[in-house]
Amino acid sequence: SHPSKMLKAFASPASRVVVSQLRAPTQRFMSGLPTADLADKAGLDVSKLPTEKHVSVVDPALNFRNFGGKMAFSGPIVTIKAYESNPLVRKLFESPGSGRVLVVDAGASMRCAMLGDNIAEAGVKNGWAGIVIFGCIRDSAMIAGMDLGVKALNTHPVKSHKNDPGLQDVPVKFGGVTFKPGQFLYADADGILVSDTELSL
């Protein structure tokens, strides 16, 4: 095709709609503060790990996977400790999130999912920035299209039970890091940082 015809076609209203649809997920995908830059600003290098500084790094050996439509997300931490039972996850995601991040210590269970598409959708509607689950999720194809940060160990098609209410706002520990309510979490494709204070670049 002639170059001028190709440019005209690309500039047509229909083409601009397609391009905008393609760009939107990419912009959302890249939102957030890069953990590598935050680590540099905090003065971290391999000689300072583990660190006594106010910034901790979740052990990458856990191989947390990204499942949400947001690759990068951050916010103040809210914690849950619950094993194979998710009523608290639903309760919190159905309440105002105000840009916070839910950290769920599910005991690394590989027997069920602690999050599905219905609860995740509630989290989006109520303004949660994201969720980190030391366990599994399900409905991953649906969750991948949501404006929510989701990190978990794996997927599982079976839902959890509802018999254990779990604990909220207690310190939880996994990946060599203790997560405390009110700390700040920063997550992206490179990993997860936890800080006692809010970070900036």
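None of the values given here were measured: they were computed from a predicted structure.

Reading guide: rules and limits
- Residues numbered from 1 in each chain as written.
- Predicted model: local features only at pLDDT ≥ 70, side-chain atom pairs only at ≥ 80, totals over all residues.
- Heavy atoms only, no water.
- Helix = DSSP H or I, 4+ residues; strand = E, 2+ residues; numbered from the N terminus.
- Buried < 20%, exposed > 50% of the residue type's maximum accessible area, 1.4 Å probe, protein only.
- Polar contact = N/O pair within 3.5 Å; in protein donor to acceptor, adjacent residues only side chain to side chain.
- Contact = heavy atoms within 4.5 Å.
- Pairing = 2+ DSSP bridges.
- Right-handed = clockwise from strand over helix to strand, strands pointing away.
- Phe/Tyr/Trp six-rings, centres within 6.5 Å; stacked < 30°, edge-to-face > 60°.
- Salt bridge = Lys/Arg side-chain N within 4 Å of Asp/Glu carboxyl O.
- Core = buried A, V, L, I, M, F, W, Y, C linked by side-chain atoms within 4.5 Å.

A. Representation of the side chain of threonine 35 within the structure. Looking at the element boundaries, threonine 35 is found in helix α3 (residues 35-41). Judged by its relative accessible area of 5%, threonine 35 falls in the buried class. A polar atom in the side chain of threonine 35 sits 2.7 Å from the side chain of aspartate 188. Not counting residues up to four positions away in its chain, the partners in contact with threonine 35 are Tyr186, Ala187, Asp188, Asp190, Gly191 and Leu193.

B. Seen up close, the pairing of strand β3 (residues 73-81). In this structure, β3 lies alongside strand β10 (residues 184-188), joined through four bridges in antiparallel fashion. Within β10, the residue paired with proline 76 across the bridge is phenylalanine 184. The pairing of β3 with strand β4 (residues 101-105) spans five bridges and is parallel. By the bridge assignment for β4, threonine 79 is matched with valine 103. After leaving β3, the chain enters helix α4 (residues 87-93) and then returns to the sheet as β4, a path that is right-handed. Note: β3 against strand β7 (residues 167-168), two bridges, orientation antiparallel. Across the sheet, residue lysine 81 finds its bridge partner in β7, namely leucine 167.

C. Just the packing of aromatic side chains, in detail. Scanning all chains against the criterion turns up four aromatic pairs. For the ring pair phenylalanine 93 and tryptophan 128, a centre distance of 5.3 Å and an interplane angle of 40 degrees mean the geometry is tilted. With a gap of 35 residues between them, phenylalanine 93 in helix α4 and tryptophan 128 in the loop between α5 (117-125) and β5 (130-137) connect regions that are remote in the sequence. Each member of the pair, phenylalanine 93 as well as tryptophan 128, is classed as buried. Through a chain of ring-to-ring contacts, three or more aromatic side chains come together here, namely Phe64, Phe134, Phe174 and Phe179.

D. Quick look at the pattern of salt bridges. Scanning the entire structure with this criterion turns up four salt bridges. The partner of arginine 111 in a salt bridge is glutamate 84, and the shortest N-O contact between them spans 2.7 Å. Placement of arginine 111 in the loop between β4 and α5 and of glutamate 84 in the loop between β3 and α4 is noted, with a sequence separation of 27 residues between them. What makes glutamate 84 buried here is its relative accessible area of 8%. The salt bridge partner of glutamate 94 is arginine 90, with a shortest N-O separation of 3.2 Å. Glutamate 94 gets classed as partly exposed once you look at its relative accessible area, which sits at 47%.

E. Quick look at the nonpolar core. In terms of nonpolar packing, the biggest core is built from 24 residues, with Leu102, Val104, Leu115, Ile131 and Ile133 touching the most fellow members. Elements supplying a minimum of two residues to this core: β3, α4, β4, α5, β5 and β6 (149-155). Here this core takes four residues from α4, the largest share from any one element. If we skip the residues at most four places from it in the chain, isoleucine 133 touches Phe64, Val104, Ala106, Met114, Leu115, Lys151, Ala152 and Leu153. Counting residues in hydrophobic clusters, the runner-up holds 18 residues, among them Val103, Val132, Leu185 and Ala187.

F. The environment of leucine 193, seen in detail. By the element assignment, leucine 193 lies in strand β11 (residues 191-195). Sequence separation of leucine 193 and valine 177 is 16 residues, and the distance between their C-alpha atoms is 9.2 Å. Residues in contact with leucine 193, not counting those within four places in the same chain, are Thr35, Leu38, Ala39, Val55, Ser56, Val57, Phe184, Leu185 and Tyr186.

Any functional reading would require information beyond the geometric quantities listed.
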